[in-house]
Amino acid sequence: MERLYITDVCMRDGLQNQCAQVSTEAKLALAQHLVAAGVASVEATSFVSPKAVPQMADAADVVLGLQQRLPTLRTSVLVPNLKGLRRALQAGCREVAVVLSATEEMNRRNINMSLTQAREESALVLREARASGIKTRAYIAVAFDCPFEGATPLDRVKVLAAEMYAAGADEVVIADTIGSAFPAEVRRRMTELATVVPLDRLSIHLHDTRGMGVANAWAAIEAGVRRFDASAGGIGGCPFAPGAAGNLATEDLVLLAENSGFDTGINPVALVSAIEFAESLLGRPLGGHSARWLIRQRERAAQTSTEGIARLNVQNSTNSVSST
């Protein structure tokens, strides 16, 4: 069975703009719930300004906690610049990601740089990270549409993706930041991008603003993409991009993949516990399109297990009476 590789981003992209402040201990507990469901890769936090994103102020503590409690978990962190990279290296991070927006205005709103400055800074961060011996990811944000500039030209996205790959990105992640993409365009863009970045290094980060997340994921799979970002419970949305609703839910993607002949290593029913835990942290309902169905499957499995134990107890009782 062919493998689909999923990085769960609920700890970073999911939590970064939530009103409820989540403690370091709670974040680590959330990671443990994800791992229990089979998640092998997460984007855990970001080394950004605590003033800009207060939820990520404990980045170093989160990284240390994950290394101590879940040492085999693949953990990446987002860094906006060289300063962020150096903080991440000091914290012992083994994988970092940069975010390069494909439009001028989005870069200014997100990291207070022009597009030219952002390209140079991202390439510099990637090169220094590689020289430090750690893995790298490069996001191309607003790769379909920008909330400030409208449709993003495909040719520009291709140029930026090729630049980041040449600068040393182990993985180039194409981000539908505001969730405006549709399947035909996803298929077309990912097919084109595979001409400048090898498919096994190409990933996609989808949002579900218009309910197209799963359909767009399938279009990417048809284009040959096997690496995806997703967020348990669909938590997320860029705080600097108006209209960026929650991410593609991990449970929806896993259910799609595993019913289409792909292995993810993740148990979608077991993800329900992680989603419920996140609900308790954020104080609101969460879950992708499949969440209610998955809850029913868990309830049925529990009922079947209870009935099986009851039958076994009756059988044992009968056998015990017969032997006396």
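Predicted model only: the values in this text are computed from it and were never measured. (Residues numbered from 1 in each chain as written. Predicted model: local features only at pLDDT ≥ 70, side-chain atom pairs only at ≥ 80, totals over all residues. Heavy atoms only, no water.)

To continue, consider the overall build of the chain. Regarding its fold elements, the chain presents 12 helices and 12 strands. For 324 residues, the compact-globule formula gives about 20 Å, and the C-alpha radius of gyration of the chain, at 21 Å, lands near that figure. The 324 residues of the chain split such that 52% are buried. Long-range contacts, defined here as pairs at least 24 residues apart, represent 75% of the contacts in the chain between residues at least 6 apart. A total accessible area of about 13,700 Å² is found for the chain, and carbon and sulfur atoms account for 52% of it. Between the averaged position of the 32 positive side-chain charges in the chain and that of its 34 negative side-chain charges there is a distance of 2 Å. (Helix = DSSP H or I, 4+ residues; strand = E, 2+ residues; numbered from the N terminus. Rg over C-alpha atoms; globule rule 2.2 N^0.38 Å. Buried < 20%, exposed > 50% of the residue type's maximum accessible area, 1.4 Å probe, protein only. Contact = heavy atoms within 4.5 Å. Areas by Shrake-Rupley, 256 points an atom, 1.4 Å probe, with all protein chains shown as cover. Lys, Arg positive; Asp, Glu negative; His and termini not counted. Charge placed at Lys NZ, Arg CZ, Asp CG, Glu CD.)

Another aspect to go through is the packing of helix H2 (residues 24-36) against helix H3 (residues 59-69). Where H2 meets H3, the axes come as close as 10 Å, and the angle between the chain directions of the two elements is 40 degrees. The orientation of H2 relative to H3 falls into the category oblique. Like other packed secondary-structure pairs, H2 and H3 cross with a definite hand, here right-handed. On H3, the residues that touch Thr24, Glu25, Lys27, Leu28, Ala31 and Gln32 of H2 are Asp61, Val62, Gly65, Leu66 and Arg69. (Axes fitted to C-alpha atoms, helices over the stretch in contact; angles between N-to-C directions. Parallel < 35°, antiparallel > 145°, perpendicular 65-115°, else oblique. Left-handed = near helix turned anticlockwise from the far one by under 90°.)

What follows is about the environment of Tyr5. Counting through the fold element by element, Tyr5 comes out in strand E2 (residues 5-8). Residue Tyr5 is classed as partly exposed on the basis of its relative accessible area, which comes to 42%. As a C-alpha pair, Tyr5 and Met212 span 207 residues in sequence and 20 Å in three-dimensional space. Dropping the residues within four chain positions of it, Tyr5 is found in contact with Arg226, Arg227 and Phe228.

Turning next to the pattern of salt bridges. Applying the stated criterion across every chain yields a total of 21 salt bridges. In this structure, Glu43 engages Arg12 in a salt bridge whose closest nitrogen and oxygen atoms are separated by 2.8 Å. Here Glu43 is found in strand E3 (residues 41-46), whereas its partner Arg12 is found in helix H1 (residues 10-14), with 31 residues between them in sequence. Arg12 matches Glu43 in its accessibility class, with the two residues each being buried. In this structure, Arg187 and Glu222 form a salt bridge, with 2.7 Å as the shortest nitrogen-oxygen distance. Of this pair, Arg187 sits in helix H8 (residues 183-193) while Glu222 sits in helix H9 (residues 213-222), and the two are 35 residues apart along the sequence. Accessibility expressed as a relative area gives 34% for Arg187, which makes it partly exposed. When salt bridges that share partners are traced, they join Arg12, Asp13, Glu43, Arg74, Glu95, Arg137, Glu171 and Asp229 into one network. (Salt bridge = Lys/Arg side-chain N within 4 Å of Asp/Glu carboxyl O.)

Take the packing of aromatic side chains next. By the definition in use, this model includes zero aromatic pairs. A cation over a ring is seen here: Arg227 above Tyr5, with NZ or CZ 4.7 Å from the ring centre. (Phe/Tyr/Trp six-rings, centres within 6.5 Å; stacked < 30°, edge-to-face > 60°. Lys NZ or Arg CZ within 6 Å of the ring centre and 35° of its normal.)

On to unusual backbone geometry. One non-glycine residue, Asn112, lies in positive phi territory at about 60 degrees. Looking at the secondary structure, you find Asn112 in the loop between helix H5 (104-111) and helix H6 (115-131).

Time to look at the pairing of E3. Burial analysis of E3 places six of its six residues in the buried class, which makes it a mostly covered element. Note: E3 against strand E4 (residues 74-78), five bridges, orientation parallel. For Thr45, the partnering residue across the bridge sits in E4 and is Val77. As for the winding sense of the linkage, the β-α-β connection from E3 through H3 to E4 is right-handed. (Pairing = 2+ DSSP bridges. Right-handed = clockwise from strand over helix to strand, strands pointing away.)

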